[in-house]
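# Fold and contact review
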Amino acid sequence: MAEDERLARAALTRLVEPGDETVGRWLRTLGPVALYQALTGGAPPPKGASRERLAGCALRAQGLDPAADLAAVGRLGGRFVCPGELDWPQQLDDLRDARPIGLWVRGAPSLRLWALRSVAVVGARACTDYGAHVAATLAAGLAERGWVVVSGAAHGVDAAAHRGSLAAGGATVAVLASGVNLPYPRAHAALIQRIAEQGLVVAELPPGAHPTRGRFVLRNRVIAALTRGTVVIEAQYRSGSLVTARRALALGRATMGVPGPVTSGLSAGVHELLRGEAVLVTDAAEVVELVGRIGELAPARRGPLVARDTLNPVTARVLEALSAQGGSAPSDVAREAGTSREEAQQRLHELLVLGFVERKGDSWQLSRINGDDGAVRRGNPSIWGNRVKELGR
């Protein structure tokens, strides 16, 4: 990119707010240099620019020094990445006129390459211990599978996700609503510094810029567009995390939620999201199944396999026909199992070899070792007693 265009884009990040679609249209039609001149009085104002907007730009233009901003981020070991450059993540172009003017980046890795295999993990700031544990575990699992974890470095779920990825030796990206040299929240200064050293810290705002409530909301669109999918862990109905998720949905990205207790207000927003187009996930494998390559499937979920699961259906029926109260005659077993006496005798001998039953003279009974694996037994007094108690409640 030409130096004058780079300087103009760097200056525009101070003149206008992130995500302004009107500015995006002007930028698309005029180009960065002409737009900068139009907003600062060096050329006729852009079509539709109000007097108030131009006055605001004039105030912000006082003392503007984009070259100093570029030098400042350079001293941090960072850079300013512009659309069209090799390191620019092209998926951000899906934001159309709300696309960032440019991104201020701290850290050595390639933003474009890391973003190609990335997942956003977001959620409540005032999360529960459950939410923090799930976020850290899920992020660590993603890191172990070679995925980059992207979040906003906020309290709660965001911080837990970053720490989980770092603990697993993985890659993580923090997208800030402030300048890359101004850690926010201040309590996370050490965490953000560690991310800058081992991963990437990204911002639309120039060095030294402070966060505002509106900038946090606008930051979320970058997280949604930058990644292959967004996972929400704990969010109330009015949560910025839901803004990220809904933006991801609108952009055609995979949108996922981790369920929580139905009695928790912190999970209410996630559950509402899951009732729509979001997909329920419980671990990193299920996330990767949605955002990864064809064939990266999560393992099948099954209950524990017990010995009786391997029995032939007729043999299993004969086993179920045995009374839990004592021995059973072969004729009684045949009648209960719905088979012939000869068939019942054969199956009982199979069960004897397998250790399920014992023979006492002419009668058969369940083995004390393998006979009871939790199945309901015909005539079992304790089970029938429990059933009666439950019916009486």
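These figures come from a predicted structure and were not determined experimentally.

## Here we look at the nonpolar core
- Among the nonpolar cores identified, the biggest contains 34 residues, and Leu 92, Val 173 and Val 232 are the most heavily contacted of them.
- Of all the elements, helix α10 (residues 213-226) adds the most residues to this core, at five residues.
- In contact with Leu 92, not counting residues within four places along its chain, are Arg 99, Leu 103, Val 222, Ala 225 and Leu 226.
- Val 121, Ala 139, Val 149 and Val 291 belong to the second-largest nonpolar core, a separate cluster that totals 21 residues.

## A closer look at the environment of Arg 246
- Within the secondary structure, Arg 246 sits in helix α11 (residues 240-250).
- A residue is classified by how much of its surface remains accessible, and Arg 246, at 44% relative accessible area, is partly exposed.
- It is 28 Å that separates the C-alpha atoms of Arg 246 and Leu 12, two residues lying 234 residues apart in sequence.

## A few points about the pairing of strand β2 (residues 103-106)
- Neither face of β2 is left uncovered, since the one carrying Leu 103 and Val 105 and the one carrying Trp 104 and Arg 106 both have all their residues buried.
- The pairing of strand β1 (residues 78-81) with β2 spans four bridges and is antiparallel. Across the sheet, residue Phe 80 finds its bridge partner in β2, namely Trp 104.
- Relative to strand β6 (residues 200-203), β2 runs antiparallel, the two being bridged by three bridges.

## Focus: the pairing of strand β8 (residues 254-258)
- Most of β8 sits inside the fold, with four of its five residues counted as buried.
- Bridging between strand β7 (residues 229-233) and β8 involves five bridges; their strand directions are parallel. By the bridge assignment, Gly 229 is partnered in β8 with Ala 254.
- In this fold, β7 hands off to α11, which returns the chain to β8; that crossover is right-handed.
- Here two bridges tie β8 to strand β9 (residues 279-280), and the two strands are oriented parallel to one another. By the bridge assignment for β9, Met 256 is matched with Val 279.
- Read from β8 through helix α12 (residues 268-274) to β9, the crossover connection turns out right-handed.

So, how was this worked out
Residues numbered from 1 in each chain as written. Predicted model: local features only at pLDDT ≥ 70, side-chain atom pairs only at ≥ 80, totals over all residues. Heavy atoms only, no water. Core = buried A, V, L, I, M, F, W, Y, C linked by side-chain atoms within 4.5 Å. Buried < 20%, exposed > 50% of the residue type's maximum accessible area, 1.4 Å probe, protein only. Helix = DSSP H or I, 4+ residues; strand = E, 2+ residues; numbered from the N terminus. Contact = heavy atoms within 4.5 Å. Pairing = 2+ DSSP bridges. Right-handed = clockwise from strand over helix to strand, strands pointing away.

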